[in-house]
Amino acid sequence: MRIGILGSGRMGAKLGTIWARAGHDVLFSYSRSPAKLRRLGNSGSPAQAAANAAAVLLAVHWSRVDDVLSQAGDLSGKTIVSCSLPMNADDTELVVAHTSSGAEELARKIPAAHIVSAFSTVPSEVLLAVFAARRRKNRPNVVYCGDEAKSKRVVARLIRDAGFDPLDCGPLRIARYIEPFTMLVGQLAYERPGGPELAYRFLRS
Ligand SMILES: NC(=O)c1ccc[n+]([C@@H]2O[C@H](COP(=O)([O-])OP(=O)(O)OC[C@H]3O[C@@H](n4cnc5c(N)ncnc54)[C@H](OP(=O)(O)O)[C@@H]3O)[C@@H](O)[C@H]2O)c1
């Protein structure tokens, strides 16, 4: 699958690298360092990354969303998988919550695109280890949600290809619950003992 990466930092660079290793055709974009983009693999402008992509990963700080979208061209009909969280400038608080979510705000910005919220609940530090262990029986989950069935199937495949077990949480508005959950994961990963190589799996008995 052709995948465009908008934002090639901790999340975008790792997920793009993993999907390329899984056999996808990945084009990285939107770093301040063209040399870094070239080191990652195929690279170009946000518009080039989005053009002809079956899925576009949005992985930028909330403050950069409008800028990268303005450079990405027409995203109508595209599957946009977003791990981007609506965080304030110093990444301490969600600036959208309870009655909406970053994912829903994103859908309002690009109503003709199909937004699927995924991967915001896993620290970037665990991604390569999960991919390396993808043959194990009980994979960690990645929760995801969205309103369009076909786009959700595309993203479920990308979650699987990254070594996780996709857990469908329903429509996009469920991002209101997913995004605060990321704050709990962040607390465990970065503020509690054990380090950030942390993933999760829900169990039903
Ligand atoms: N990191 C995590 O573990 C994690 C986990 C879950 C969700 N998230 C969310 O995922 C999104 C991406 O996070 P991230 O940690 O991958 O961010 P990041 O490492 O800061 O990467 C952001 C990307 O945007 C690029 N960018 C281009 N112009 C920029 C500008 N003027 N100012 C700042 N950045 C610019 C950065 O460029 P450079 O390459 O030049 O820096 C970088 O490639 C965020 O919304 C975050 O809340 C992150």
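Scroll up for the structure.
Residues numbered from 1 in each chain as written. Predicted model: local features only at pLDDT ≥ 70, side-chain atom pairs only at ≥ 80, totals over all residues. Heavy atoms only, no water.

Colleague: Go over the pattern of salt bridges with me, naming the residues and quoting the values.
Modeller: The full count for this structure, using the stated rule, is seven salt bridges. Between Asp161 and Arg157 there is a salt bridge, with the nearest N and O atoms lying 3.5 Å from each other. With Asp161 and Arg157 both in helix 7 (residues 149–161) and four residues apart, this pair spans about one turn of that helix. Taking the shortest distance from any N to any O, the salt bridge between Asp165 and Arg201 comes out at 3.0 Å. Here Arg201 lies in the segment after helix 8 (175–191) and Asp165 lies in strand 7 (residues 165–168), a separation of 36 residues in the sequence. For Asp165, a relative accessible area of 27% puts it in the partly exposed group. By relative accessible area, Arg201 is classed as partly exposed at 34%. (Salt bridge = Lys/Arg side-chain N within 4 Å of Asp/Glu carboxyl O. Helix = DSSP H or I, 4+ residues; strand = E, 2+ residues; numbered from the N terminus. Buried < 20%, exposed > 50% of the residue type's maximum accessible area, 1.4 Å probe, protein only.)

Colleague: Outline the pairing of strand 2 (residues 25–29), supporting the account with residue identities and numerical values.
Modeller: Counted residue by residue, strand 2 has four buried out of five residues, so it is predominantly covered. In terms of strand pairing, strand 1 (residues 2–6) meets strand 2 through five bridges, oriented parallel. Note that in strand 2 the partner of Ile5 across the bridge is Phe28. With helix 1 (residues 10–21) bridging strand 1 and the parallel strand 2, this β-α-β connection has right-handed handedness. (Pairing = 2+ DSSP bridges. Right-handed = clockwise from strand over helix to strand, strands pointing away.)

Colleague: Which residues make up the site of the ligand, and what values go with them?
Modeller: In the vicinity of the ligand lie 22 residues, with Met11, Ser31, Lys36, Val60 and Ser124 positioned nearest. In the environment of the ligand, an oxygen atom lies 2.8 Å from a nitrogen or oxygen atom belonging to the backbone of Arg10. Tyr30 places a polar main-chain atom, nitrogen or oxygen, 3.3 Å from an oxygen atom of the ligand. When isolated, the ligand has an accessible area of 880 Å², and the protein chains bury 81% of it. Here the shell around the ligand is composed, by residue class, of nine nonpolar, nine polar and four charged. (Near = heavy atom within 4 Å. Polar contact = N/O pair within 3.5 Å; in protein donor to acceptor, adjacent residues only side chain to side chain. Areas by Shrake-Rupley, 256 points an atom, 1.4 Å probe, with all protein chains shown as cover. Nonpolar A, V, L, I, M, F, W, Y, C, P; charged D, E, K, R; others polar.)

Colleague: Break down the pairing of strand 7 for me, citing the residues and quoting the values.
Modeller: Relative to strand 7, strand 6 (residues 141–146) is paired through four bridges, and the arrangement is parallel. The residue bridging Tyr144 from the neighbouring strand is Asp168, located in strand 7. Note that the unit made of strand 6, helix 7 and strand 7 has a crossover that is right-handed.

Colleague: Lay out unusual backbone geometry with the relevant residues and their values.
Modeller: You will see that Asp91, though not glycine, has its phi angle at about 60°, which is positive. Positionally, Asp91 belongs in the loop between strand 4 (79–82) and helix 5 (102–109). For Asp91, a relative accessible area of 44% gives the class partly exposed. With a phi angle near 70°, His98 is a residue other than glycine that sits in the positive phi range.

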